[in-house]
Amino acid sequence: MAHVETKPETQAARSDLPPADRYASLLEEARKLHGVSHMQDAWRRLRRNWAAMASLAFLVLMSVAAVLTPLVPLQSPILQDLENRQFLPPNASSRTLQLTSDGETKTLTQLLAEFRQEIERLEQDARTASPEERVKIQEEIDARYAVEHPYQKFWHQPDWLAWRLTDLRIILFGDWCLPSLCGADALGRDLLARLFWGGRVSLVVGVVATLVSLLIGVSYGATAGFLGGWVDDVMMRIVDVLYSVPFLFVVIFLITILTEETIKTEYLEPYGIDQIMIFYVVIGAIYWLTMARVVRGQVISLKNEQFVDAARVIGAGSFRIIFRHLIPNVMGIVIVYLTLTIPAVMLFESFLSFLGLGISPPDVSWGLLVNEGIQVITPIKIYWWLVLFPSLTLTLTLFALNFFGDGLRDALDPKMKNR
Amino acid sequence: MLWYLVKRIIWMAGTLWVVFTLTWFLMRAVPGGPFDAEKKIPEEIRRNIEARYKLDQPLHVQYLDNLAHVIRLDFGPSFKLLDYPVNRVIAEGFPVSASLGVFAMIFALTLGLTAGVASAIGRRTAYDYGFMALATVGVAVPNFVLASLAIVLFVFYLGWFPAAGWGTLRQIALPAICLGAPFAGYIARLTRTGMLEVLGQDYIRTAYAKGLRHRRVIVRHALRGAILPVVSYLGPAVAAILTGSIVIERIFALPGLGIHFIEAATQRDYTLAMGMVLVYTFLLFVMNTLVDLSYGLIDPRVKLK
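Residues numbered from 1 in each chain as written. Chains lettered and ligands numbered in written order. Predicted model: local features only at pLDDT ≥ 70, side-chain atom pairs only at ≥ 80, totals over all residues. Heavy atoms only, no water.

Caption draft 1: Region of interest: the overall build of chain A. Each helix and strand counted, chain A has 18 helices and four strands in total. Among the 419 residues that make up chain A, the fraction classed as buried is 45%. For chain A, contacts bridging at least 24 residues in sequence account for 76% of all contacts bridging at least 6. Working note: accessible area of chain A is about 22,100 Å², and carbon and sulfur atoms make up 61% of it. (Helix = DSSP H or I, 4+ residues; strand = E, 2+ residues; numbered from the N terminus. Buried < 20%, exposed > 50% of the residue type's maximum accessible area, 1.4 Å probe, protein only. Contact = heavy atoms within 4.5 Å. Areas by Shrake-Rupley, 256 points an atom, 1.4 Å probe, with all protein chains shown as cover.)

Caption draft 2: A look at the overall build of chain B. The secondary structure content of chain B amounts to twelve helices and zero strands. In sequence order, chain B lays out its α and β elements as α-α-α-α-α-α-α-α-α-α-α-α. For 305 residues, the compact-globule estimate of 2.2 N^0.38 gives 19 Å, and the C-alpha radius of gyration of chain B, at 24 Å, exceeds that figure by more than 25%. In chain B, buried positions account for 44% of the 305 residues. Contacts in chain B between residues at least 24 apart in sequence constitute 73% of all its contacts with a sequence separation of at least 6. Counting only carbon and sulfur atoms, one obtains 66% of the accessible surface of chain B, whose full area is about 16,000 Å². (Rg over C-alpha atoms; globule rule 2.2 N^0.38 Å.)

Caption draft 3: Representation of the packing of aromatic side chains in the model. Residue and element names in this part refer to chain B. The final tally for this structure, using the stated rule, is twelve aromatic pairs over all chains. Aromatic side chains W24 and F25 sit 5.0 Å apart centroid to centroid with 80 degrees between the ring planes, which places their arrangement in the edge-to-face category. Under the relative-accessibility criterion, W24 is labelled buried at 0%. Look at W24 and Y63: their rings are 5.2 Å apart centre to centre, the planes differ by 75 degrees, and that puts the pair in the edge-to-face class. (Phe/Tyr/Trp six-rings, centres within 6.5 Å; stacked < 30°, edge-to-face > 60°.)

Caption draft 4: Expanded view of the interface of chain B and chain A. On the chain A side, the residues contacting the 40 residues of chain B number 41 residues. When chain B packs against chain A, close to 3,600 Å² is buried across both sides, 84% of that on carbon and sulfur atoms. In terms of surface lost to chain A, no three residues of chain B exceed F144, F156 and R268 of chain B, which account for 16% of the buried area on that side. Put simply, chain B and chain A have zero salt bridges between them. Where chain B meets chain A, there are zero residue pairs in polar contact (both at pLDDT 80 or more). Within the residue set of the side of chain B that touches chain A, elements represented by two or more residues are α1 (2-29), α5 (126-140), α6 (143-157), α10 (228-251), α11 (257-267) and α12 (270-298) of chain B. Top element by residues in the side of chain B that touches chain A is α12 of chain B. It accounts for eight residues. A breakdown of the residues in the side of chain B that touches chain A according to their chemical character gives 31 nonpolar, seven polar and two charged. (Buried area = accessible area lost by both parts, 1.4 Å probe. Salt bridge = Lys/Arg side-chain N within 4 Å of Asp/Glu carboxyl O. Polar contact = N/O pair within 3.5 Å; in protein donor to acceptor, adjacent residues only side chain to side chain. Nonpolar A, V, L, I, M, F, W, Y, C, P; charged D, E, K, R; others polar.)

Caption draft 5: Fine view of α6 of chain B. Between its first and last C-alpha atoms α6 of chain B spans 20 Å; for 15 residues at 1.5 Å apiece the expected length is 21 Å, and the two agree. Of all bends in α6 of chain B, the biggest is about 30 degrees, found at A150 of chain B. Those residues of α6 of chain B not exposed but buried are N143, F144, V145, A147, S148, A150, I151, V152 and V155 of chain B. Contacts from the buried residues of α6 of chain B go to α16 (318-354), α17 (366-375) and α18 (384-412) of chain A together with α7 (169-199) and α10 of chain B. Looking one or two residues beyond α6 of chain B, the residue adopting positive phi is G159 of chain B, at roughly 65 degrees. (Expected span 1.5 Å × (residues − 1). Bend = angle between axes of the 7 residues up to and from the residue.)

Caption draft 6: Representation of the layout of surface pockets within the structure. Residues and elements named next belong to chain A. Its boundaries defined by the atoms lining it, the second largest pocket holds a volume of some 1,100 Å³. Along the wall of the second largest pocket there are 42 residues; nearest its centre are W197, R200, V201, V204 and Y280. Secondary-structure elements contributing two or more residues to the lining of the second largest pocket are α4 (50-67), α8 (160-173), α9 (191-227), α13 (275-286), α16 and α18. Looking at the lining of the second largest pocket residue by residue, the classes come out as 30 nonpolar, seven polar and five charged. (1 Å grid on protein atoms, 1.4 Å probe; cavity = no way out; pocket = protein on both sides within 12 Å on 5 of 7 lines; lining within 4 Å. Points joined across faces, edges and corners; volume = space filled by probe spheres on them.)

Caption draft 7: The side chain of T210 of chain A, seen in detail. As for its position among the elements, T210 of chain A is in helix α9. Among all residues touching T210 of chain A, those that are not within four sequence positions of it are V205, L338, T341, I342 and V345 of chain A.

Caption draft 8: Here's a closer look at the domain arrangement of chain B. All names here are of chain B. For chain B, the domain assignment lists domain 1 (2-71) and domain 2 (90-298). For the domain 1 face of the interface with domain 2, the top three residues by lost area are R8, M12 and M27, together amounting to 40%. At the surface where domain 1 touches domain 2, the tally comes to zero salt bridges. Run the count over domain 1 and domain 2 and you get one residue pair in polar contact (both at pLDDT 80 or more). Examining the composition of the side of domain 1 that touches domain 2, we find that twelve residues originate from one element, α1, more than from any other. Tallied by class, residues from the side of domain 1 that touches domain 2 come to eleven nonpolar, two polar and one charged. (Domains from an automatic or database assignment.)

As structure tokens, this is what we get:
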């Protein structure tokens, strides 16, 4: 926050100072100097760190790929083919999107055309039918979309965005799709497609669970630090107790209880809470401890600054001071912890999925893929691609996140200023 | 010192009680008893079973009864492994997990300290860069990925290690190395940073000036100052080794505590799971206390409060 201040005009009126034209040249010089904000300075330092920049590029690429997965001409991640493609090694022979049922093989575009014909037929019926029947037919159309639409057979419950992107993909690439560059798994599903779709889940879990932990940790830490006194003592003692609980075990315990069939159907599903959401909340709920401590420390050092007094003088309440004045000031360090929490959370997700307690099929995540790869290792035959490719993607992403987080921490370190 | 220990024990009792109470009530919050999932059983038998597990009494009686048992270190019968008390499961699994953890820790400390000291002394040499690259890989690779790649490579392709089994050193080696590798990497990085800082200080120059040999200066003077960050890292490391061993035990099919815990969780064997949670909490607390104590022994400036 090194703003170069220039205000010589106010002094130019004094007679013992040099004449105004000399000030003009000084002013000219001062205009050439630019103040560098903390963020700009940090960004400059970050740019010089090639490992962090390479990681950033990799991460951006990864996120774009995750968002645009339905647009990429991939094979189906869930379609099985036990006869021809079980444990198919990596190869480069081109493929089309097709489905074999009752001995008849049809491509996706053919299936789509058939489906559209049927819907049109139903819609025609609806136009001539009586109002009650029309409602019934409309219900049938909706049901068909939800169950019989060809997309439902190639992809597992595509959401709205995935649906639109798939439409676009069909327009762009038709039935053509990438060869099985990473091979196929025990059920003949294409590994490359599963890696892409798994990445989507893994990244979303990482980001959302981290945001949950951010929300809890920052508000908790800021409140404790700002209020101080016995409230602070009690709140931090609670954090201490939680620190000495082996969380993995408690989380596993929690997840098994929350995914119990009756609890799931009676208490959670009516509110639209599914397993992945439980996951976000539970993981986020354990990673907030460090964040709370860090934010508390920062807030304690900030709360005696003048701008807090100024805010109080003009009548701001505690809530407003915490959330409008203090929290924006601790954002730098919070961002650093954020980038270091995301890989920890992703690792935890893959760890749980690996143990069979996390994401459950037919959803995929990278941890699940590694687990599937390990399960089919036998002394007789090793399907190396099923272990190598998921491990590699997971490891590279964690690597990149760690490098980027470290680089960001160095860049935002005020001690490194102007170096 | 004594007061510190007493305080730690009180804290531990409190933490264990909180964990027990939370897990106990969560367990009871699950609708239906643990035997409901089985096919329908006659009313008399159900009543007998409930009497056996004291499920027919009011909630607070059950809670106090369980608490009294747990205080006497009796975790009760397992819900799923018939005629198998939780204590026996723990007694059988604990030695396996403990030796796995100890071997992993020994491996991590030996390799980490050696690599850290070597790269600090040979700063900016091939050793330094090689070790530090290796350490970064060790830190970032998840241990289950490392373990699965190690199985493919060392067990099936090269045949250096047996695939499974437990008992001989050859069987322990690969799981222990896979479990310890990330910690070795982290310890190496900590040691290197600590050594570099210490080596520039006056007392090292003094030690050289009074004619001590290089080896003696490094081992007796420098390492002692550099090891402090490593010691304070041991607390979290022990916790991470406890959790890491779950995965390693599962991949290598070792009959330890971790594998029982996962089974207890997936089979919804609540008494077993709770016993495990309590045992792990206890272990974590003891380890952290030991780390704190050793911190005071190594650095006389640290006073325990």
